[in-house]
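Descriptive structure summary
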Amino acid sequence: MSRPAPLLAATRAQTGMELRLTARRGENVLVTIVIPVVVLLFFASVAILPTGSGSPVDFLLPGALALAVIATSLVNLGIATAYERNYGVLKRLGGSPLTRGGLLTAKMLAVLAVEVGQVVLLVAIAAAVLGWRPGTGASGALFVVTLVLGTLAFAGLGLLMAGALRAEATLAIANGLFIAFLLLGGIVIPVGHLPGPLATVAGLLPAAALADAFRAALGSGDAVDVGRALAILLIWGIGAIALALRTFRWE
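Residues numbered from 1 in each chain as written. Predicted model: local features only at pLDDT ≥ 70, side-chain atom pairs only at ≥ 80, totals over all residues. Heavy atoms only, no water.

Focus: the overall build of the protein chain
Regarding its fold elements, the protein chain presents ten helices and zero strands. Listing the helices and strands of the protein chain from first to last along the sequence gives α-α-α-α-α-α-α-α-α-α. For the protein chain, the C-alpha radius of gyration of 18 Å lies close to 18 Å, the compact-globule estimate for 251 residues. Taken over the C-alpha atoms alone, the protein chain extends approximately 55 × 45 × 35 Å along its principal axes. (Helix = DSSP H or I, 4+ residues; strand = E, 2+ residues; numbered from the N terminus. Rg over C-alpha atoms; globule rule 2.2 N^0.38 Å.)

Okay, structure coming up:
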């Protein structure tokens, strides 16, 4: 009977450990779950934002899903990993069969598992409370591709900061980026309603691309250039992960 390769076994074991550690940081998980839910329910209820011609929930649910990915992949993962490095936890892993790539893969797989739970919760709330239904042209395959590419992009950014910067700097920058993406990422305000220069910049950010790709996957009804959105996510993902692999330090 063949045995798994040491790297594969180490990565699988570390993924399980990452999930257990995530469960122990219950307050962090709660925040990453609560904020997207609050954004969805509040802005869908007050109807004060220019969310297009359709129902507000059709615009806001994809935005809330994008916000959940950002909160989990960028903020929670980046800050937690930075402090693990600061406290010497990662230094001990450096002496194990786990490689730098194996560690980053395990962390991203754990993040993806958490995001699946967030997706189920947000979609259930939107359907049960706000009466949301998938639009014509909704695609489950496109949704999965979008979720994976979004996770690669934002987890790559989070791990890039965590592996190269001080923990305090990662904390400040991750939270700053979260606010910037919330305001400029087409999550609660359409990118087209931003001032010209800001709209141009926002259109190149992974947050706007992620929200747009989710809208296309859910059939929101608004015209979305899904090819461009996926390309932007892919470029950000490849770039961030490549830099993270190159610059990540165990201590």
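Digging into a nonpolar patch on the surface
Side chains of Leu30, Val34, Val38, Phe42 and Val46 sit close together on the surface and give an oily, nonpolar patch of about 420 Å² of accessible area. Secondary-structure assignment places Val34 in helix α2 (residues 26–46). According to the relative accessible area criterion, Val34 is partly exposed, its value standing at 37%. (Patch = residues over 30% accessible without salt bridge, like charges linked within 9 Å, V, L, I, M, F, W, Y side chains within 5 Å. Areas by Shrake-Rupley, 256 points an atom, 1.4 Å probe, with all protein chains shown as cover. Salt bridge = Lys/Arg side-chain N within 4 Å of Asp/Glu carboxyl O. Buried < 20%, exposed > 50% of the residue type's maximum accessible area, 1.4 Å probe, protein only.)

Overview of the nonpolar core
Nonpolar side chains tend toward joint burial in soluble globular proteins. Grouped together as the largest cluster of nonpolar side chains are 52 residues, with contacts concentrated most on Leu40, Leu61 and Phe154. Counting only elements with at least two residues in this core, the list comes to α2, α3 (56–86), α5 (100–130), α6 (140–164), α7 (167–184), α9 (206–218) and α10 (226–247). Broken down by element, the residue count for this core peaks at 15 residues, all from α3. When residues no more than four places from it in sequence are discounted, the contact partners of Leu40 are Val57, Leu60, Leu61, Ala64, Leu122, Ile125, Ala126 and Leu130. (Core = buried A, V, L, I, M, F, W, Y, C linked by side-chain atoms within 4.5 Å. Contact = heavy atoms within 4.5 Å.)

Structural notes on the environment of Pro195
For Pro195, the position within the fold is in the loop between α7 and α8 (196–202). Each C-alpha atom of the pair Pro195 and Leu230 lies 24 Å from the other, and the pair is 35 residues apart in sequence.

Here's the deal with α10
A rise of 1.5 Å per residue sets the reference length of α10, with its 22 residues, at 32 Å; its end C-alpha atoms lie 31 Å apart and thus fit the reference within 8%. Of the residues making up α10, those classed as buried are Ala229, Leu230, Ile232, Leu233, Gly237, Ala240, Ile241 and Ala244. In an axial view of α10, the angular spread of the buried residues amounts to 155 degrees, which keeps them on one side of the axis. Among the exposed residues of α10, those pointing more than 90 degrees away from its buried face are Ile235, Ile238 and Arg246. (Expected span 1.5 Å × (residues − 1). Arc of directions from axis to C-beta.)

Thoughts on the pattern of salt bridges
Across all of its chains, the model carries four salt bridges by this definition. The residue Arg166 makes a salt bridge to Glu168 at a minimum N-O spacing of 3.6 Å. For Arg166, a relative accessible area of 62% gives the class exposed. On the accessibility criterion, Glu168 (40% relative accessible area) is partly exposed. Where salt bridges share partners, they join Glu18, Glu84 and Lys107 into one cluster.

Observations concerning the environment of Ala126
For Ala126, the position within the fold is in helix α5. Sequence separation between Ala126 and Val37 is 89 residues; the distance between their C-alpha atoms is 9.2 Å. If we ignore the near neighbours within four places in the chain, the residues touching Ala126 are Leu40, Val57, Leu61, Gly131 and Trp132.

Examining helix α1 (residues 6–24)
The end-to-end C-alpha distance of α1, which contains 19 residues, comes to 27 Å, matching closely the 27 Å that a straight helix rising 1.5 Å per residue would cover. Of the positions making up α1, those classed as buried are Ala10, Thr11, Gln14, Thr15, Glu18 and Thr22. The buried residues of α1 all sit within an arc of 140 degrees when viewed along its axis, so they share a single face. Away from its buried face, by an angle of more than 90 degrees, α1 presents the exposed residues Pro6, Arg12, Ala23 and Arg24. Structurally, α1 contributes buried residues whose contacts are with α2, α3, α4 (89–93) and α5.

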